[in-house]
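# Per-entry structural report
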Amino acid sequence: MKERIILSPATLDDVEFIVGIKTSTSLWPYEDLISSDKEAVRKNVVEKINSDWYKQYIIKLDDPEKTPIGDLHIHWYVKERESWEIGYCIFPEYREQGYCVEAAKIALKYAFEDWNAHKVVAMCNEFNIASSKVLEKIGMVREGVFREELPWQGKWVNQYFYCILDSDYKEMKL
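### Section: the nonpolar core
Within the largest apolar cluster, 35 residues are counted, with the highest numbers of intra-cluster contacts made by Leu-72, Ile-86 and Val-120. Looking at this core, the elements with two or more residues in it are strand 1 (5-9), strand 2 (54-61), strand 3 (68-78), strand 4 (83-90), helix 3 (99-114), strand 5 (119-125), helix 4 (129-137) and strand 7 (155-165). Looking at which element gives the most residues to this core, the answer is helix 3, with ten residues. Of all hydrophobic cores here, the second largest spans eight residues; its members include Ala-10, Ile-18, Val-19 and Ile-49.

### Describing the environment of Thr-11
For Thr-11, the position within the fold is in the loop between strand 1 and helix 1 (15-22). Through-space distance from the C-alpha of Thr-11 to that of Trp-28 is 23 Å; in sequence the pair is 17 residues apart.

### A look at the pairing of strand 7
Of all eleven residues making up strand 7, eight are buried, and the element is well covered by its neighbours. Pairing analysis gives seven bridges linking strand 5 to strand 7, with the strands arranged antiparallel. Within the sheet, the bridge partner assigned to Ala-122 lies in strand 7 and is Tyr-162. As paired strands, strand 6 (residues 141-152) and strand 7 are joined by eight bridges and run antiparallel to one another. Bridging from a neighbouring strand, Phe-146 pairs with Gln-159 of strand 7.

### Let's talk about the sheet that holds strand 1
Taken together, the seven strands give an open sheet; going across it, the order is 1-2-3-4-5-7-6, and neighbouring strands pair in mixed fashion. In this open sheet, the two strands that pair with only one neighbour each are strand 1 and strand 6. Direction aside, the axes of adjacent strands within the sheet are offset by 30° on average. Inspection of the sheet shows strand 3 paired to strand 4 by eight bridges, in the antiparallel sense. Within the sheet, the bridge partner assigned to Ile-74 lies in strand 4 and is Ile-86. Docked against the sheet, helix 3 engages strand 1, strand 2, strand 3, strand 4, strand 5 and strand 7, running at close to 50° with respect to strand 1.

Criteria and cut-off values
Residues numbered from 1 in each chain as written. Predicted model: local features only at pLDDT ≥ 70, side-chain atom pairs only at ≥ 80, totals over all residues. Heavy atoms only, no water. Core = buried A, V, L, I, M, F, W, Y, C linked by side-chain atoms within 4.5 Å. Buried < 20%, exposed > 50% of the residue type's maximum accessible area, 1.4 Å probe, protein only. Helix = DSSP H or I, 4+ residues; strand = E, 2+ residues; numbered from the N terminus. Pairing = 2+ DSSP bridges. Axes fitted to C-alpha atoms, helices over the stretch in contact; angles between N-to-C directions. Contact = heavy atoms within 4.5 Å.

Structure representation (structure tokens):
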């Protein structure tokens, strides 16, 4: 099956686009700690784009316009253990269409086949059911619950911890 999206490695030309995503509270309904300091976020984004431990991508439709529909990042979680962490954001009008699953599968392929990852992890707010579904569809297993880990909407909520091992990936061969 032909993929409908591409992961385009972020460049310095994408910094403002990424800053817009990372500072938009409307795109992160399950997060309370979204920075509004665009200059600080910009500096952080530039540092990460130029690093070897953080891979930032723009998720684009594989159409003639290469329409951007979100972003995805995957970075070292614990380098010595060859573990990586994945995160993503899809614009609301493109959600629930499988695009995030496709993007995350591509990122897992990079992690396990190109970067020799041993494991990839992800975390999400217990109320972020859409993100939980994405993680489960790509073969990640909920391994734990960090109780009352996140401040959200004036209360403490649980954070789910997901993981997929290289051996799991090889068995599934996404």
